[in-house]
Structures are given as structure tokens and as C-alpha cells.
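Survey of secondary and tertiary structure
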Amino acid sequence: MVKKKVKRLYRASREDSIIAGVCAGIADYFEIDPVLVRLLWVLFVFGFGFGILAYLLAWIIIPRK
């Protein structure tokens, strides 16, 4: 019987993070470049206004790897 590895969302380690590792962890989960996630997050902050609150909530909720 082969066990399948469960994919979990974590914040990135201290080496990969800029502020809290939220964007790097999300990029790692979806296997995309962290710069793309950071740019999208900046768009949400300045374009829609809820990015800062979402980042703070993710910082609190998502565990560190």
C-alpha cells in the first residue's frame, strides 16, 4: 500500500520570507514563483483595500513550516 503525501499550507521558513512568509508559503503550496504572489498581494492592497487585513489574518492562521 502506497501512502500519498498530503499537501499542507504553511508559511515559509525564515530564510525564504520577507515579512512573515505568507506569500512564499502560498507560492510554495501552488508551486509558483513567490514574486508573482507578492505582486498580486500588492495589487489587492492598493487596488481593493483588503490585502493588509487578509495578510494579517493569514499570518495568524497559517502555521510556520
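See the structure above.
What counts as what
- Residues numbered from 1 in each chain as written.
- Predicted model: local features only at pLDDT ≥ 70, side-chain atom pairs only at ≥ 80, totals over all residues.
- Heavy atoms only, no water.
- Core = buried A, V, L, I, M, F, W, Y, C linked by side-chain atoms within 4.5 Å.
- Buried < 20%, exposed > 50% of the residue type's maximum accessible area, 1.4 Å probe, protein only.
- Helix = DSSP H or I, 4+ residues; strand = E, 2+ residues; numbered from the N terminus.
- Contact = heavy atoms within 4.5 Å.
- Arc of directions from axis to C-beta.
- Lys, Arg positive; Asp, Glu negative; His and termini not counted.
- Salt bridge = Lys/Arg side-chain N within 4 Å of Asp/Glu carboxyl O.
- Polar contact = N/O pair within 3.5 Å; in protein donor to acceptor, adjacent residues only side chain to side chain.
- Axes fitted to C-alpha atoms, helices over the stretch in contact; angles between N-to-C directions.
- Parallel < 35°, antiparallel > 145°, perpendicular 65-115°, else oblique.
- Nonpolar A, V, L, I, M, F, W, Y, C, P; charged D, E, K, R; others polar.

**Side note on the nonpolar core**
- Membership of the largest hydrophobic core is limited to 10 residues, which are Ala-20, Val-22, Cys-23, Ile-26, Ala-27, Val-37, Trp-41, Tyr-55, Ala-58 and Ile-62.
- Elements represented by at least two residues in this core include exactly helix H1 (22-30), helix H2 (34-48) and helix H3 (51-61).
- Tyr-55 has contacts with Ile-19, Ala-20, Gly-21, Val-22, Cys-23 and Trp-41, leaving out every residue within four places of it along the chain.

**So, H3**
- Burial in H3 covers these residues: Gly-51, Tyr-55 and Ala-58. Seen end-on, H3 carries its buried residues on one side only, within an arc spanning 65°. Those residues of H3 that are exposed and angled more than 90 degrees off the buried face are Ile-52, Leu-53, Ile-60 and Ile-61.

**Quick look at the side chain of Arg-11**
- With respect to the element layout, Arg-11 can be found in the segment before H1.
- One buried charged residue, Arg-11, forms no salt bridge at all, with the nearest opposite charge on Asp-28 at 12 Å.
- Polar contacts involving the side chain of Arg-11 include one to the main-chain carbonyl oxygen of Ala-20, which spans 3.4 Å.
- Once you skip the residues sitting within four places of it in the chain, Arg-11 turns out to touch Ala-20, Gly-21, Val-22, Gly-25, Ala-58, Trp-59, Ile-62, Pro-63, Arg-64 and Lys-65.

**Structural notes on the environment of Leu-36**
- Structurally, the position occupied by Leu-36 is in helix H2.
- With a relative accessible area of 43%, Leu-36 lands in the partly exposed category.
- In this structure, the C-alpha to C-alpha distance between Leu-36 and Cys-23, residues 13 residues apart in sequence, is 9.0 Å.

**A closer look at the packing of H2 against H3**
- For the pair H2 and H3, the least separation of the axes is 7 Å and the interaxial angle reads 130°. Looking at the two axes, H2 sits oblique to H3. Here Trp-41, Phe-44 and Val-45 of H2 lie close against H3, whose contacting residues are Gly-51, Ile-52, Ala-54 and Tyr-55.
- A breakdown of the residues in the contact of H2 with H3 according to their chemical character gives six nonpolar, one polar and no charged.

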